[in-house]
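# Observations on the three-dimensional arrangement
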There are 2 protein chains.
Amino acid sequence: MKPTIYDVAKAAGVSIATVSKVMNNTGNIRDTTREKVKKIMEKLNYQPSLMASALTGKGTETLGLVVPDISNPFFSEMAKTIEDRAHESGMSVIICSTDENTEKEKKYIELLQRKQVDGMIVASTFHDMEILKRVVDQKTPLVMLTQDDAGIGVTSISVDDFKGGLEATSHLISEGHRDIIMIAEYAKSSKFRIYGYIEAHEEHGLEVSEENIFRTVASIENGREVFRKIVQRGIVPTGIFACNDLIAVGVIQEAKEMGLKIPNDLSIVGYDNTILATTTVPGLTTIAQPITEMGNRVVDVIISEIKDKNQTKERILFEPELIIRGTTAVNKMR
Amino acid sequence: MKPTIYDVAKAAGVSIATVSKVMNNTGNIRDTTREKVKKIMEKLNYQPSLMASALTGKGTETLGLVVPDISNPFFSEMAKTIEDRAHESGMSVIICSTDENTEKEKKYIELLQRKQVDGMIVASTFHDMEILKRVVDQKTPLVMLTQDDAGIGVTSISVDDFKGGLEATSHLISEGHRDIIMIAEYAKSSKFRIYGYIEAHEEHGLEVSEENIFRTVASIENGREVFRKIVQRGIVPTGIFACNDLIAVGVIQEAKEMGLKIPNDLSIVGYDNTILATTTVPGLTTIAQPITEMGNRVVDVIISEIKDKNQTKERILFEPELIIRGTTAVNKMR
DNA sequence: ATGAAAGCGCTAACAA
DNA sequence: TTGTTAGCGCTTTCAT
């Protein structure tokens, strides 16, 4: 079936050691031998088994990427840069989508361990840190993306969520909004965005009510649902800060269907600056996370940790950036 | 570091064969022994190496998925269903994004072969069929998604693109449009959509000009660019059929910036019915591909081919469905 | 019911 | 410069 190193060796009339050497460019091989072997490999369409070489101690040249939902543009865009960067370094990526489901999180992490990935990038909301702790204990390089490390001693890469929440909320406040609802996720990253939301209020001497903070899971449908709930409760916000673009889009859609004009009746700020933020009408004002930079960086970090396992763990924060588009405007309701 | 089967065996005071048997539920093991071994595995957090077991002839329980661009919502949504379905069957998925780049296509396919994936799903536009032919020759199950098999004898799953193109164009024609531009991709799937476009014209006794068919690569930016080009050439279409939602969104954006009213000045039909089609304003009229059904089906097919390599190859066509939203309306320009 | 041992495809000493 | 050989962690006969 698939040719092995033995097939190549036999066809070339050399030993498997020689074949191995020409594959890996190690040792001293006579040019003529090298050429001969290469020709045979070509002819047989020989693909050395990564399984076998991994077994001998070499790496698998594979990274595991765990995200909550690959169909969320934020993560698919992130996955794309991560993949590109990884492949530049000769590594491939196994992507797992956990659906924010604790069972799946566990299953996928274990799967990645069994596949002996050289390193793991975890962008998913981990409820059970014990699981991650175990991979760290087994010395598998791990870096957290988009959330901090929760004390398991790994490097983490995220944007300054506190600042992001602060900027988003401050923008709404400065436009004259006073009744600002925040729609957060259950995810860890939301925590700091909430603090930012609170801080912005305090800076302006405004009250914050826990009642104005809603929580849901990222999806357009959930965004719609939460907004419906908000309205049903008789709350009349003029501004909404949604923890991601998906939710923001849901709010936009629902609000429009209710006959609200955006941004005149309702201003909305999203988070992530995904492709969705550019396709809505009006365009979505949002907090940009530098997806490309973060993706590239996380790959660079994980690769350097693979090379040297004892690197100092750091907490890398990128700057969020407020992108003002059309969903926010001066509050004329006051 | 990571415990091996030897560590477990030693700790449990049994042989590795016994450990192997309890892992795989094979052979006859005394209950007490089984329990003892299981307890040790638990305690050591033992994860059997998939590398090692793959080497002994077992599968890798991994599927390779090759797409042109994972950040295109069509493919990320597809990837999500494929992943979900695959994981239900205990298989994981390695996703590769080729960027429609022939080099990368080759690189990734070879990578997947080296990783000994049990099967491959190829949704990417393959220019060099020779490469795919080789994987088929090596008896690796392969199914093509979203494009037909180009004579390499594998099963393919796609929607009836001819019909999709026909319906999209017929819809525009029935709304009174006569100057309909088609923006296609270089991809194989576009070929049939173009035939559909032509057929629709012929059915209505209308002329088709090759000049009205543009080609580009899927992205919002390219959609904008092509539309600019169209306008620059002095062509004034009232209808546009774009081969995917991304391009359609680009057209919408560019047209709006030019001050055109949609759908009054310009009607647009997309293709794919991704999340983007729901977020534009007005909503995008588009041809839906049943992403979930196709994704599930392709996994089922590949898994059954893995189980039995000599299955009859088939060509499975799903039905496209015209989803009418707000970007199309009766042509009032005539 | 359990274990010894061969072998999967490759790497890396070590010999020759 | 090239080849021999002992593993890597696991599965699977075949003995015991």
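Residues numbered from 1 in each chain as written. Chains lettered and ligands numbered in written order. Predicted model: local features only at pLDDT ≥ 70, side-chain atom pairs only at ≥ 80, totals over all residues. Heavy atoms only, no water.

## What about the UniProt feature "domain: HTH lacI-type" (unreviewed entry) in chain A?
How we decide: UniProt positions are given in the numbering used here, feature names are shortened, and annotations may be inferred rather than shown by experiment. Runs of E in the DSSP output that reach at least two residues are strands. Runs of H or I that reach at least four are helices, and both are numbered from the N terminus.
Those residues carrying the UniProt feature "domain: HTH lacI-type" (unreviewed entry) are residues 3–57 of chain A in this numbering. With 67% helix and 0% strand, the stretch residues 3–57 of chain A has end C-alpha atoms that lie 22 Å from each other.

## Re the sheet that holds strand S1 (residues 62–67) of chain B
Residue and element names in this part refer to chain B. Formally: At least two bridges found by DSSP between two strands is the condition for calling them paired. Lines fitted to C-alpha atoms define the axes here, with helix axes fitted over just the stretch in contact, and angles between the N-to-C directions of these axes take values from 0 to 180 degrees. Any two residues whose heavy atoms approach within 4.5 Å at even a single point are treated as in contact.
Taken in spatial order, the six strands line up as S2-S1-S3-S4-S5-S11 in an open sheet, and their pairing is parallel. The outermost strands of the open sheet, each flanked by one partner alone, are strand S2 (92–97) and strand S11 (315–318). The mean inter-strand angle of the sheet, taken between neighbouring strand axes irrespective of direction, is 15°. As judged from the six bridges shared by S1 and S2, these two strands associate in the parallel manner. Note that in S2 the partner of Gly64 across the bridge is Ile94. Sheet strands touched by helix H13 (residues 291–307): S1, strand S3 (119–122), strand S4 (142–145), strand S5 (155–159) and S11. Its angle to S5, the strand with the most contacts, is close to 175°.

## With respect to the protein's contact with DNA strand D
Let me state the cut-off plainly: In this text, near means that some heavy atom of the residue lies within 4 Å of the molecule or strand in question. Residues adjacent in sequence count toward polar contacts only when both atoms are side-chain atoms; beyond that, a polar contact is any pair of N or O atoms within 3.5 Å, and within protein one must be able to donate a hydrogen and the other to accept it.
In the vicinity of DNA strand D lie 27 residues, with Thr18, Asn28 and Thr33 of chain A together with Ile5 and Tyr46 of chain B positioned nearest. The sugar-phosphate share of atoms of DNA strand D within 4 Å of the protein amounts to 65%. At a separation of 2.8 Å, a phosphate oxygen of DNA strand D approaches a polar backbone atom of Ser15 of chain A. Between DNA strand D and the protein, one listed contact pairs a phosphate oxygen with a backbone N or O atom of Arg30 of chain A at 2.7 Å. Counting only elements with at least two residues in the surface near DNA strand D, the list comes to helix H2 (16–24) of chain A together with helix H1 (5–12), helix H2 (16–24) and helix H4 (50–55) of chain B. It is H2 of chain B that provides the largest number of residues to the surface near DNA strand D, a total of five residues.

## Remarks on the relation of the copies chain B and chain A
In summary, the two copies of the chain are related to each other by a rotation about an axis coupled with a shift along it. Selection rule: Only residues with pLDDT of at least 70 in both copies count here: their C-alpha atoms drive the least-squares fit that superposes the copies.
The two copies are related by a screw operation: chain B maps onto chain A through 180° of rotation and 0.0 Å of translation along the axis, at an RMSD of 0.1 Å. This pairing of chains is accounted for by a two-fold axis.

## Some remarks on the domain arrangement of chain A
The line we're drawing: Those domain boundaries reflect an automatic or database domain assignment.
The domain architecture assigned to chain A consists of domain 1 (5–48), domain 2 (62–159 + 291–318) and domain 3 (161–289). The distance between the C-alpha centroids of domain 1 of chain A and domain 3 of chain A comes to 61 Å.

## Considering the packing of helix H8 (residues 161–174) of chain B against helix H9 (residues 188–203) of chain B
Residue and element names in this part refer to chain B. The following threshold applies: In what follows, roughly perpendicular refers to angles from 65 to 115 degrees, roughly parallel to angles under 35, roughly antiparallel to angles over 145, and oblique to any angle outside these ranges. The hand of a helix crossing depends on one turn: near helix anticlockwise from the far one by less than a right angle means left-handed, and clockwise means right-handed.
Relative to each other, H8 and H9 sit at 40°, their axes nearing to 6 Å. The angle between the axes of H8 and H9 places the two elements in the oblique class. Note that H8 runs across H9; the crossing there is right-handed. When H8 is examined against H9, the residues Asp161, Phe162, Gly165, Leu166, Thr169, Ser170 and Ile173 are found in contact with a partner set consisting of Ser189, Phe192, Arg193, Tyr195, Gly196, Tyr197, Glu199, Ala200, His201 and Glu203.

## Description of the pattern of salt bridges
All names here are of chain A. The cut-off we apply is this: We define a salt bridge as a contact between a side-chain nitrogen of Lys or Arg and a carboxyl oxygen of Asp or Glu at a distance within 4 Å. Type-normalised accessible area, obtained with a 1.4 Å probe on protein chains alone, sets the label of each residue: buried when under 20%, exposed when over 50%, and partly exposed for intermediate values.
All told, the structure shown has 28 salt bridges over all chains when counted by the stated rule. Between Glu257 and Arg224 there is a salt bridge whose closest N-O contact spans 2.6 Å. Of this pair, Glu257 sits in helix H11 (residues 245–257) while Arg224 is found in helix H10 (residues 220–232), placing the two residues 33 residues apart along the sequence. Across the salt bridge formed by Glu254 and Arg228, the nearest N and O atoms sit 3.1 Å from each other. Remark: Arg228 occurs in helix H10 and Glu254 occurs in helix H11; sequence separation between them is 26 residues. Assessed through its relative accessible area of 7%, Glu254 is described here as buried.

## Section: the sheet that holds strand S4 (residues 142–145) of chain A
Residue and element names in this part refer to chain A. The six strands are arranged S2-S1-S3-S4-S5-S11 in an open sheet whose pairing can be described as parallel. A single partner strand is all that each edge strand has here, and the edge strands are strand S2 (92–97) and strand S11 (315–318). Averaged over all pairs of adjacent strands, the angle between strand axes in this sheet comes to 15°, irrespective of strand direction. With four bridges connecting them, strand S1 (residues 62–67) and strand S3 (residues 119–122) associate as parallel partners. Across the sheet, residue Val66 finds its bridge partner in S3, namely Val122. The strands that helix H5 (residues 73–88) touches are S1, S2, S3 and S4; relative to S2, the one it contacts most, it runs at about 160°. Lying on the sheet, helix H13 (residues 291–307) is in contact with S1, S3, S4, strand S5 (155–159) and S11; it crosses S5 at an angle near 175°.

## Things to note about the interface of chain B and chain A
Heads up, the condition is: Classes in brief: Ala, Val, Leu, Ile, Met, Phe, Trp, Tyr, Cys and Pro nonpolar; Asp, Glu, Lys and Arg charged; the others, Gly included, polar.
With 55 residues of chain B at the interface, the matching set in chain A holds 56 residues. The interface formed by chain B and chain A holds six salt bridges in total. There are 25 residue pairs in polar contact (both at pLDDT 80 or more) connecting chain B and chain A. Secondary-structure elements contributing two or more residues to the side of chain B that touches chain A are H4, helix H5 (73–88), S2, helix H6 (102–114), helix H11 (245–257) and helix H12 (276–279) of chain B. The element best represented in the side of chain B that touches chain A is H6 of chain B, accounting for seven residues. For the side of chain B that touches chain A, the class distribution of residues is 21 nonpolar, 18 polar and 16 charged.

## Quick word on the side chain of His177 of chain A
Residue and element names in this part refer to chain A. Tracing the backbone shows His177 in the loop between helix H8 (161–174) and strand S6 (180–185). Here Thr238 takes part through its side chain, which lies 2.6 Å from a polar atom of the side chain of His177. The residues touching His177, leaving out its near neighbours within four places in the chain, are Leu172, Thr238, Gly239, Ser267, Ala329, Val330 and Asn331.

## Comments concerning unusual backbone geometry
Residue and element names in this part refer to chain A. Note that the residue after Val281, namely Pro282, is joined by a cis bond; omega there is -5°. The residue Lys139 is not glycine, and still its phi comes out positive at about 65°. Along the chain, Lys139 turns up in the loop between helix H7 (129–137) and S4.

## Focus: the protein's contact with DNA strand C
Lining the immediate environment of DNA strand C, one finds 26 residues, of which Ile5 and Tyr46 of chain A together with Lys21, Asn28 and Thr33 of chain B sit closest. Taken together, the sugar and phosphate atoms account for 68% of what DNA strand C places within 4 Å of the protein. A distance of 2.2 Å is found between a phosphate oxygen of DNA strand C and a backbone nitrogen or oxygen belonging to Ile5 of chain A. Those elements that place two or more of their residues in the surface near DNA strand C are helix H1 (5–12), H2 and helix H4 (50–55) of chain A together with H2 of chain B. Element by element, the count of residues in the surface near DNA strand C is highest for H2 of chain A, at five residues.

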